[in-house]
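# Examination of the molecular architecture
Here is what each chain is made of, one letter per residue.
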Amino acid sequence: MINLELPKKLRASANQAHQVAQEIFRPISRKYDLAEHEYPVELDTMAAMVEGLADSGTQKIGGAAGGRSDDSDSDRHATELLGNTNGGNMSALLNALETSWGDVGLMLSIPYQGLGNAAIAAVATDEQLKRFGKVWASMAITEPSFGSDSAAVSTTAVLDGDEWVLNGEKIFVTAGQRSTHIVVWATVDKSLGRAAIKSFVVPRDAPGLSVARLEHKLGIKASDTAVLLLQDCRIPKDNILGSPEVNVEKGFAGVMQTFDNTRPLVAAMAIGVARAALEELRSILTGAGVEISYDTPANNQHAAAAEFLRMEADYEAAYLLALRAAWMADNKKPNSLEASMSKAKAGRTGTDVTLKAVELAGAIGYSQRTLLEKWGRDSKILDIFEGTQQIQQLIVARRILGKTSAELK
Ligand SMILES: Cc1cc2nc3c(=O)[nH]c(=O)nc-3n(C[C@H](O)[C@H](O)[C@H](O)COP(=O)(O)OP(=O)(O)OC[C@H]3O[C@@H](n4cnc5c(N)ncnc54)[C@H](O)[C@@H]3O)c2cc1C
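Only a predicted model underlies this, so the values are computations on that prediction, with no experimental measurement involved.

## As for helix 11 (residues 372–379)
Of all eight residues in helix 11, eight are buried, a share of seventy percent or more. For helix 11, every residue scored as buried is listed here: L372, E373, K374, W375, G376, R377, D378 and S379.

## With respect to the site of the ligand
Taken together, 22 residues form the shell around the ligand, and within it T142, S148, F172, T388 and Q390 come nearest. In this structure, G147 approaches the ligand through a main-chain N or O atom, which is 3.3 Å from an oxygen atom. A distance of 2.8 Å is found between a nitrogen atom of the ligand and a backbone nitrogen or oxygen belonging to F172. With the chains in place, 65% of the 970 Å² that the ligand exposes on its own is no longer accessible. For the shell around the ligand, the residue count by class is twelve nonpolar, seven polar and three charged.

## Description of the pattern of salt bridges
Across all of its chains, the model carries 25 salt bridges by this definition. The partner of E373 in a salt bridge is R30, and the shortest N-O contact between them spans 2.5 Å. Within this pair, whereas E373 is found in helix 11, its partner R30 is found in helix 1 (residues 8–34), the two being separated by 343 residues in sequence. Given the relative accessible area of 17%, R30 is considered buried. Among the salt bridges present, the one from K374 reaches D103, with a minimum N-O distance of 2.9 Å. Residue K374 is found in helix 11, and its partner D103 is found in the loop between helix 3 (88–102) and helix 4 (104–107); the two are separated by 271 residues along the sequence. Here the salt bridges share partners, and the residues they tie into one network are E307, R310, D314, K345, D352, K356 and E359.

## Some points on the environment of F200
As for its position among the elements, F200 is in strand 5 (residues 197–203). A C-alpha to C-alpha distance of 9.9 Å links F200 and H181, two positions 19 residues apart in sequence. Ignoring any residue separated from it by four or fewer positions in sequence, one finds F200 in contact with A157, W164, L166, I182, V183, V184, A186, V188, I235, N239 and I240.

## So, the packing of helix 9 (residues 336–361) against helix 11
At a minimum axis distance of 8 Å, the contact between helix 9 and helix 11 shows a crossing angle of 155°. In terms of their interaxial angle, helix 9 and helix 11 are classed as roughly antiparallel. In the crossing of helix 9 with helix 11, the sense of the turn from one axis to the other is left-handed. Where helix 9 abuts helix 11, its residues G350, T351, T354, L355, A357, V358 and A361 lie against L372, E373, W375, G376 and S379.

## Section: the nonpolar core
Ranked by size, the top nonpolar core spans 86 residues in total, and within it F25, L94, I120 and W185 carry the most contacts. By residue number, the principal contributor to this core is helix 7 (residues 253–287), which donates 16 residues. Core analysis: the second largest hydrophobic core is formed by 18 residues, W164, A186, L228 and I235 among them.

## As for the packing of aromatic side chains
Geometrically, a pair of aromatic rings is defined through the distance of the ring centres and the angle of the planes. Tallying each qualifying case throughout the model produces four aromatic pairs. Both rings, one in Y112 and one in W136, keep their centres 6.1 Å apart while their planes meet at 45°; by these two values the pair is tilted. Residue Y112 is found in the loop between helix 4 and helix 5 (115–123), and its partner W136 is found in the loop between helix 6 (126–132) and strand 1 (137–140); the two are separated by 24 residues along the sequence. Residues Y315 and Y319 carry aromatic rings whose centres are separated by 6.4 Å and whose planes lie at 10° to one another, so their mutual orientation is stacked.

## Section: the environment of H37
Note on placement: H37 falls in the loop between helix 1 and helix 2 (42–55). The exposure class of H37 is partly exposed, given its relative accessible area of 24%. Once the C-alpha coordinates of H37 and Q177 are considered, the two residues, 140 residues apart in sequence, prove to be 9.9 Å apart. Once residues within four sequence positions are removed from consideration, H37 is found in contact with R178, L214, E215, H216 and K221.

## Brief notes about the packing of helix 9 against helix 12 (residues 389–401)
At their nearest, the axes of helix 9 and helix 12 sit 9 Å apart, and the two run at 145° to each other. When the axes of helix 9 and helix 12 are compared, the crossing they make is left-handed. Contacts between helix 9 and helix 12 pair S336, L337, S340, M341, K343, A344, G347 and R348 from the former with Q389, Q392, Q393, I395, V396, R399 and I400 from the latter. Among the residues making up the contact of helix 9 with helix 12, the classes are represented as six nonpolar, six polar and three charged.

## Describing the confidence of the model for the protein
Summing up the model confidence of the protein, the mean pLDDT is 89 and the portion of residues at 70 or higher is 89%. Contacts for the low-pLDDT stretch residues 65–83, under 50 throughout, to residues beyond four places or in other chains number 68 contacts.

Calculation criteria
Residues numbered from 1 in each chain as written. Predicted model: local features only at pLDDT ≥ 70, side-chain atom pairs only at ≥ 80, totals over all residues. Heavy atoms only, no water. Buried < 20%, exposed > 50% of the residue type's maximum accessible area, 1.4 Å probe, protein only. Helix = DSSP H or I, 4+ residues; strand = E, 2+ residues; numbered from the N terminus. Near = heavy atom within 4 Å. Polar contact = N/O pair within 3.5 Å; in protein donor to acceptor, adjacent residues only side chain to side chain. Areas by Shrake-Rupley, 256 points an atom, 1.4 Å probe, with all protein chains shown as cover. Nonpolar A, V, L, I, M, F, W, Y, C, P; charged D, E, K, R; others polar. Salt bridge = Lys/Arg side-chain N within 4 Å of Asp/Glu carboxyl O. Contact = heavy atoms within 4.5 Å. Axes fitted to C-alpha atoms, helices over the stretch in contact; angles between N-to-C directions. Parallel < 35°, antiparallel > 145°, perpendicular 65-115°, else oblique. Left-handed = near helix turned anticlockwise from the far one by under 90°. Core = buried A, V, L, I, M, F, W, Y, C linked by side-chain atoms within 4.5 Å. Phe/Tyr/Trp six-rings, centres within 6.5 Å; stacked < 30°, edge-to-face > 60°. pLDDT = per-residue confidence, 0-100.

Below you can see the structure in the form of structure tokens.
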């Protein structure tokens with residue numbers, strides 16, 4: 001029998017993240033939505049807490065740093081969630097969900113919890129994990145010439161003695177101005193195609209690295225999104241993640257592996273925002289005298305209640321798909337299909353639920369009196385970055401039909 005209750009240890013860490021979301025994020029959510037690019041100083045208190053928690057071995061709060069499952073740190077209750085190991089990915093997922101319930105822009109700004117941290121956790125050697133375990137890493141893949149087609153990386157990395165020399169431009173880098181390190185995708189030999197794309201950890205103070213500008217955006221305004229320039233940027237030779245060898249047979253697998261960890265996390269962010277909108281909507285509908293019944297068929301209820309039930313079912317489905325993808329990552333089961341499924345479902349559900357909530361709440365939903373309109377704006381990015389809706393569906397189709405990327409584009 002499947003028991004879908006969360007293990008005690010994960011519940012405690014998720015509760016802690018929820019408290020942070022409620023007590024720190026929600027009260028400042030509108031403030032930083034209206035003050036784009038202003039650094040949320042309240043996060044410094046959080047950073048100190050996160051540091052303390054990391055030192056004491058407790059799970060981190062925000063979640064994006066998740067990644068590698070560590071058996072010594074995992075819960076092993078066969079009767080609990082799906083059995084087996086619940087490690088770093090599951091914990092990171094729940095924490096990302098809870099903090100995003102508070103404010104996803106602020107969640108993306110939590111120091112030391114960048115998407116690059118998840119990439120490091122996924123592919124770093126033990127020695128690198130020691131060196132980069134406590135950095136704040138953003139993730140720089142996208143370039144002016146491509147977004148979805150990550151095999152088109154044109155930033156170059158050339159070995160010069162004991163250093164890699166990087167040249168290129170990276171755009172739309174989340175936390176690109178504030179992070180202490182940037183995980184940069186670059187090619188070591190363009191003629192060898194996607195197999196030559198590697199990821200490199202670039203420290204903020206590396207010579208040749210600069211921030212060209214910050215983007216103005218529709219939502220997640222608390223999060224800094226930067227354009228980065230790498231001009232003869234020099235980093236130590238051993239800052240390459242994974243093997244420097246170009247294995248044409250293995251192809252893209254090395255760097256793509258990071259998506260198996262990060263996509264369920266982004267799904268969790270969308271699920272967190274969707275839950276926030278559902279809770280707010282329930283309270284508005286209840287206040288307006290609309291009863292949401294779980295005992296009456298939806299077609300016999302108020303139209304708004306029927307819509308609510310449909311959205312809640314989608315929310316539950318998205319949640320369970322994300323849990324499965326993270327659990328598989330923790331248990332070292334290949335999860336590319338499930339990671340993309342969870343991201344596609346959650347990205348869709350997040351935008352649908354938040355915008356429908358605006359609609360059903362009417363003028364109040366569209367006004368700034370509640371956070372509904374903000375969540376409608378914030379959630380769209382979660383259906384775009386780390387692979388758009390269409391790209392996730394493409395990956396799912398390829399996996400199910402057994403087609404290669406050349407066969408199904
Ligand atoms: C706020 C924000 C933060 C971001 N943060 C980061 C970050 O931290 N690091 C990073 O590297 N990047 C980041 N990005 C970039 C993001 O990952 C890309 O925007 C995304 O991958 C889509 O790429 P694109 O914008 O070039 O769109 P395109 O790839 O040009 O796609 C345009 C449209 O065409 C569709 N499409 C593309 N190819 C196909 C296909 N084969 N079949 C069907 N449809 C297709 C897409 O789904 C999309 O709807 C961020 C972007 C934003 C807006």
